[in-house]
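Here are the chains, one letter per residue:
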Amino acid sequence: MCASLFLLNCRRLCAAVGMTLSLAAVGAAQADNLTVLVADDQAAHTEFVRELRGRQEPGSRFDLVRVPPGAADTAAPGTVPGAPVGTAPDDEREIAGVRTRSARMTAERPMILAVGPAAARAAIDRPGSEPLLLAMLSRIDYEVLQSSPLMRRGDRRIGVLLRDPAMADQLAVVDAVLPQKRRLGVIATSESEPLVQELQKAARGWTLEIEYAPDARSLASALRTLVPRSDALMVLPDLIGDSQAATLAVLRAGASAGLPVFGASDGLVRSGGLAAAVSTPAQLAQQAQSLARKLVSGGGGGVLVEAATPATVRVNTTVARGLGLRLPDERQLTERVTAAK
């Protein structure tokens, strides 16, 4: 009886120790000391930082640092560009409308997280071996940063979180909205070649009509060639997608020909596009937290790149009615795109 009770208590003790070790292992994959670099006041970046701060573990440290213009070239070795000198009361600072509070810990696992391309450039130029996460970058931003030798260091783990869903997700949206159409017209620039290649790789069963437009004048000519050969148009998240004037030109061409226009941003849908797969700042913050855990728990150097996922489908119902389309609601379309993976 006593022996059985003794063995039972031993088993319970071992189980408790195992659970404690498991929880410790999970905790070890967290970044206790997170320094977030920001270089602008874009609404999406500010919301991303706010969401990220709200997801921090209790007792962890969260420092928000403004990167001034040109700081990457003038920062002293081993310093965070733009880091305030001294400590504010209670470690509180208000930057870009976001109030932060830091909780100091005795044993810290530091990580640098840069938000947007300007902060990313400053971050990779900063000496240090702590894991580095570059978030809210377009695919083209990442391709430009890739040319830096510091991105290929063997002693540092670097993660890249792209702000846009993969091109396969964008194609899944077109397929869900226009299941009988297979001719997709795309205007591209020389800088967007990586996006074009990704689209071509994902476009099995599609006919891609691609025209290149290096400037605004050639954009009109490319559209005149492209529209008659297309069932729908797509605006890539590149120099055209980031230009309001160029995007409006594509939207006008589509509207004149009765063609739906797809893209990768809320702004395009609000301006007259039919639909887009987007990832919200809240979704990106959640994914950044997951990617940070991978970087902290991983060893060695190398670059880990993730496209934004999951995607949320946005639809312009007014445009859909004008085109005579009856579409499922955004929630149903989002479920279809997610299930297609």
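Draft legend 1. Representation of helix α6 (residues 167-177) in the model. With nine of eleven residues buried, α6 lies mostly within the body of the structure. Listing the buried residues of α6 in full gives Met167, Asp169, Gln170, Leu171, Ala172, Val173, Val174, Ala176 and Val177.

Draft legend 2. Summary view of the packing of helix α2 (residues 43-54) against helix α11 (residues 281-297). At a closest axis distance of 8 Å, the pairing of α2 and α11 adopts a crossing angle of 50 degrees. If you check the angle between α2 and α11, you find them oblique. When you trace α2 past α11, the crossing you get is right-handed. Of α11, the residues touching α2 (which contributes Ala44, Glu47, Phe48, Glu51 and Leu52) are Pro281, Ala282, Leu284, Ala285 and Ala288. Partitioned by chemical class, the residues of the contact of α2 with α11 number eight nonpolar, no polar and two charged.

Draft legend 3. A look at the pattern of salt bridges. Enumeration according to the criterion identifies 16 salt bridges in this entry. Between Asp242 and Arg163 there is a salt bridge whose closest N-O contact spans 3.1 Å. Taken as a pair, Asp242 in the loop between β10 (232-235) and α9 (244-257) and Arg163 in the loop between β7 (157-162) and α6 lie far apart in primary sequence, 79 residues in all. Look at Arg163 and you get partly exposed, because its relative accessible area is 25%. Note that Arg182 and Asp175 form a salt bridge whose closest N and O atoms lie 2.9 Å from each other. Classification of Arg182 as partly exposed rests on a relative accessible area of 29%. According to the relative accessible area criterion, Asp175 is partly exposed, its value standing at 32%. The network of salt bridges with shared partners includes Arg126, Glu130 and Arg156.

Calculation criteria
Residues numbered from 1 in each chain as written. Predicted model: local features only at pLDDT ≥ 70, side-chain atom pairs only at ≥ 80, totals over all residues. Heavy atoms only, no water. Buried < 20%, exposed > 50% of the residue type's maximum accessible area, 1.4 Å probe, protein only. Helix = DSSP H or I, 4+ residues; strand = E, 2+ residues; numbered from the N terminus. Axes fitted to C-alpha atoms, helices over the stretch in contact; angles between N-to-C directions. Parallel < 35°, antiparallel > 145°, perpendicular 65-115°, else oblique. Left-handed = near helix turned anticlockwise from the far one by under 90°. Contact = heavy atoms within 4.5 Å. Nonpolar A, V, L, I, M, F, W, Y, C, P; charged D, E, K, R; others polar. Salt bridge = Lys/Arg side-chain N within 4 Å of Asp/Glu carboxyl O.

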